[in-house]
Amino acid sequence: MTRSDLVEELAARFGQLTHRDAEFAVKTLLDAMSEALVRGHRIELRGFGTFSVNRRPPRMGRNPRSGESVAIPEKRVPHFKPGKALREAVDRPE
């Protein structure tokens, strides 16, 4: 599902929302989530899952072309852990 699919679904499910209002709601929600993760906060959506930021320590890597060692700096990466309800819904046989 893409962002535009989400906007279409939201507009179809709630008739009182115009396409523009649904698009604004989705953009606002995703922007707020992104900003929270950038600040290092954790986002918990009950029944869906948890978004957090994980730290990857610096390490030594290898350039595959030349074989020489390359220092890879520390990174902060987004992480999603699905909630129990989501895991069970996905695992349920059809």
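Fair warning: this is a prediction, and the values are worked out from it, not measured in the lab.

Peer 1: What exactly am I supposed to notice about the nonpolar core here?
Peer 2: Proteins that are soluble and globular tend to have nonpolar side chains buried together. Residues M33, A36, L37, I43 and F51 constitute the largest nonpolar core, which totals five residues. Of the residues forming this core, the biggest block, three residues, is contributed by helix α2 (residues 19–38). Beyond its immediate sequence surroundings of up to four residues, A36 is in contact with H41 and I43.

Peer 1: Explanation requested: the side chain of T50 in the structure shown.
Peer 2: Locating T50 in the fold gives a position in strand β2 (residues 49–56). Relative accessible area serves as the criterion here: at 15%, T50 is assigned to the buried category. Beyond its immediate stretch of four places on either side in the chain, T50 contacts R42, I43, E44, H79, F80 and K81.

Peer 1: Just to check I follow, could you spell out the pattern of salt bridges for this structure?
Peer 2: Side-chain pairs of opposite charge can arise whenever the charged atoms involved come near each other. For the structure on display, the rule yields five salt bridges. Note that E9 is salt-bridged to R13, the shortest N-O span being 3.0 Å. One end of the pair is E9 and the other is R13, both in helix α1 (residues 3–13) and four residues apart, which spans about a single turn. With a closest N to O distance of 2.3 Å, R55 and E74 form a salt bridge. In this pair, R55 sits in strand β2 while E74 sits in the loop between β4 (69–72) and β5 (75–82), placing the two residues 19 residues apart along the sequence. The network of salt bridges with common partners includes R42, E44 and R46.

Peer 1: Any chance you could explain the sheet that holds β2 here in plain terms?
Peer 2: Strand order in the open sheet made by the three strands is β1-β2-β5, with antiparallel pairing throughout. Every interior strand has two partners, whereas the edge strands, β1 (43–45) and β5, have only one. Shown here is a sheet whose adjacent strand axes are inclined to one another by a mean of 25°, direction ignored. As judged from the eight bridges shared by β2 and β5, these two strands associate in the antiparallel manner. Among the inter-strand pairings, R55 is bridged to a residue of β5, identified as R76.

Peer 1: What is the right way to look at the pairing of β4 in this model?
Peer 2: Sheet faces and side chains relate simply in a regular strand, where the side chains alternate between the two faces. In the sheet, strand β3 (residues 59–62) pairs with β4 via four bridges, with the strands oriented antiparallel. Note that in β4 the partner of M60 across the bridge is A71. Taken together, β3 and the strand that follows it, β4, pair antiparallel across an intervening segment of six residues, in which G67 is found at a positive phi of about 85°.

Peer 1: In this structure, what is going on with the packing of aromatic side chains? I would like to understand it.
Peer 2: The relation between two aromatic rings is expressed through the spacing of the ring centres and the mutual angle of the planes. Tallied over the entire structure, the rule returns two aromatic pairs. With a centroid separation of 5.4 Å and 45° between ring planes, the pair formed by F48 and F80 is classed as tilted. Of this pair, F48 sits in the loop between β1 and β2 while F80 sits in strand β5, placing them 32 residues apart in sequence. Of the residues examined, F48 reaches a relative accessible area of 37% and is grouped as partly exposed. Given a relative accessible area of 31%, F80 falls into the partly exposed group.

Thresholds applied
- Residues numbered from 1 in each chain as written.
- Predicted model: local features only at pLDDT ≥ 70, side-chain atom pairs only at ≥ 80, totals over all residues.
- Heavy atoms only, no water.
- Core = buried A, V, L, I, M, F, W, Y, C linked by side-chain atoms within 4.5 Å.
- Buried < 20%, exposed > 50% of the residue type's maximum accessible area, 1.4 Å probe, protein only.
- Helix = DSSP H or I, 4+ residues; strand = E, 2+ residues; numbered from the N terminus.
- Contact = heavy atoms within 4.5 Å.
- Salt bridge = Lys/Arg side-chain N within 4 Å of Asp/Glu carboxyl O.
- Pairing = 2+ DSSP bridges.
- Axes fitted to C-alpha atoms, helices over the stretch in contact; angles between N-to-C directions.
- Phe/Tyr/Trp six-rings, centres within 6.5 Å; stacked < 30°, edge-to-face > 60°.

Shape is all these values report; function is a separate question.
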